[in-house]
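If you want the building blocks of each chain, they are given just below.
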Amino acid sequence: MAEKTLDNLFYDTLKDIYYAERKIVKSLPKMARGANSADLKAAFEKHREETEGQIERLEQVFEIIGKRAMGKTCDAIEGILAEGDEILEEYAGTAALDAGLIAAAQAVEHYEITRYGTLKRWATLLGYEEAAALLDETLQQESVTDESLTALANAAANAEAQGASAA
Ligand SMILES: [Fe+2]
Ligand SMILES: [Fe+2]
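Residues numbered from 1 in each chain as written. Chains lettered and ligands numbered in written order. Predicted model: local features only at pLDDT ≥ 70, side-chain atom pairs only at ≥ 80, totals over all residues. Heavy atoms only, no water.

S.K.: Got a minute to help me understand the coordination of the iron ion (ligand 2) in this structure?
M.R.: Six octahedrally arranged donors around a metal ideally form angles of 90 or 180 degrees; four tetrahedrally arranged donors ideally form angles of 109.5 degrees. Protein ligation of the iron ion (ligand 2) involves His 47 (NE2), Glu 109 (OE), Glu 109 (OE), Glu 112 (OE) and Glu 142 (OE), the donor distances falling in the range 2.0 to 2.6 Å. Each donor residue of the iron ion (ligand 2) lies on one chain, and together they are spaced H-x61-E-x2-E-x29-E. The iron ion (ligand 1) is placed at 3.2 Å from the iron ion (ligand 2), the two being bridged by Glu 112. With His 47 in helix H2 (residues 38–64) and Glu 109 in helix H4 (residues 97–125), the pair connects residues that are 62 residues apart, well separated along the chain. (Donors = N, O, S within 2.8 Å, 3.2 Å for Na, K, Ca; no water. Helix = DSSP H or I, 4+ residues; strand = E, 2+ residues; numbered from the N terminus.)

Now the structure itself:
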């Protein structure tokens, strides 16, 4: 077996997140349609647009390293998105739905944050400065998204879910 290097790891992990982002961009409209609050719908819609830009950035990174842009099945994101689908189904029409959707979406953001954090550091180590900057741009976007989801949960969704349980 040929020896695997950090270059291999970097390319494989790029394929993982490329696969994940292309799944996420399809899942966000479902989350937006399902959400009760207008603010949460808008947050999902905004992040869908951002995610399209993130996919383009990944394609630029593939180009920088001179490799073909392709996805590699990511079981982690499949599982996280399946949990989101479960919430959509099982909590449809309830006051707890938005709190559940926010929690599911934050699991996605945290997955992305760990991937982009790693990829950015590897890009720097491998001397791909421009790629590191692109990956950092997305990393910041995922962090801001995570924070705004926390704000939405604190502002209303958790209280609504709790109010429903008290009722
Ligand atoms: Fe993303
Ligand atoms: Fe994201």
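Further notes follow.
S.K.: Just checking my understanding: could you explain the side chain of Asp 98 for this structure?
M.R.: With respect to the helices and strands, the residue Asp 98 is situated in helix H4. As a buried residue without a salt bridge, Asp 98 has its nearest oppositely charged side chain in Lys 41, at a separation of 7.8 Å. Excluding its chain neighbours within four sequence positions, the residues that come into contact with Asp 98 are Ala 35, Asn 36, Ser 37, Leu 40 and Ala 157. (Buried < 20%, exposed > 50% of the residue type's maximum accessible area, 1.4 Å probe, protein only. Lys, Arg positive; Asp, Glu negative; His and termini not counted. Salt bridge = Lys/Arg side-chain N within 4 Å of Asp/Glu carboxyl O. Contact = heavy atoms within 4.5 Å.)

S.K.: Any chance you could explain the packing of aromatic side chains here in plain terms?
M.R.: Each aromatic ring pair is characterised by the separation of its centres together with the angle its planes make. A full pass over the atoms with the stated rule returns three aromatic pairs. Seen from their ring centres, Tyr 11 and Phe 62 are 6.0 Å apart, and the 85° between their planes marks the pair as edge-to-face. Of the two residues, Tyr 11 sits in helix H1 (residues 6–34) while Phe 62 sits in helix H2, which places them 51 residues apart along the sequence. Both residues of the pair, Tyr 11 and Phe 62, count as buried. By relative accessible area, Phe 62 is classed as buried at 1%. A network of ring pairs unites the aromatic residues Tyr 11, Tyr 18 and Phe 62 as a single cluster. The aromatic ring of Tyr 11 is capped on one face by Lys 67, whose charged end is 4.8 Å from the ring centroid. (Phe/Tyr/Trp six-rings, centres within 6.5 Å; stacked < 30°, edge-to-face > 60°. Lys NZ or Arg CZ within 6 Å of the ring centre and 35° of its normal.)

S.K.: How do you make sense of the pattern of salt bridges when you look at a structure like this?
M.R.: For side chains of opposite charge, pairing can occur when their charged atoms come near one another. Under the defined criterion, the tally for this structure stands at nine salt bridges. A salt bridge links Arg 57 to Glu 137, with the shortest nitrogen-to-oxygen separation between them at 3.4 Å. One end of the pair, Arg 57, is in helix H2; the other, Glu 137, is in helix H5 (residues 129–166), and 80 residues separate them in sequence. With relative accessibility at 13%, the residue Arg 57 sits in the buried group. A relative accessible area of 43% places Glu 137 in the partly exposed class. A network of salt bridges, in which partner residues are shared, links Glu 45, Arg 48 and Glu 52.

S.K.: I would appreciate a short explanation of H1 in the present structure.
M.R.: Since the α-helix turns once every 3.6 residues, residues separated by three or four places project in the same direction. Between its first and last C-alpha atoms H1 spans 41 Å; for 29 residues at 1.5 Å apiece the expected length is 42 Å, and the two agree. Where H1 starts, the residue carrying a side-chain oxygen 3.2 Å from the main-chain nitrogen of Asp 7 turns out to be Thr 5. (Expected span 1.5 Å × (residues − 1). Polar contact = N/O pair within 3.5 Å; in protein donor to acceptor, adjacent residues only side chain to side chain.)

S.K.: How do you make sense of the nonpolar core when you look at a structure like this?
M.R.: Side chains that are nonpolar tend, in soluble globular proteins, to be buried together. Counting residues in each nonpolar core, the largest one holds 47 residues, and the members touching the most others are Phe 10, Leu 14, Phe 44, Ile 77, Leu 101 and Leu 135. Broken down by secondary-structure element, the contributors of at least two residues to this core are H1, H2, helix H3 (75–90), H4 and H5. A total of twelve residues in this core trace back to one element, the largest contributor, which is H1. What Ile 77 contacts, discounting residues up to four positions off in sequence, is Tyr 19, Ala 20, Ile 24, Val 108 and Tyr 111. (Core = buried A, V, L, I, M, F, W, Y, C linked by side-chain atoms within 4.5 Å.)

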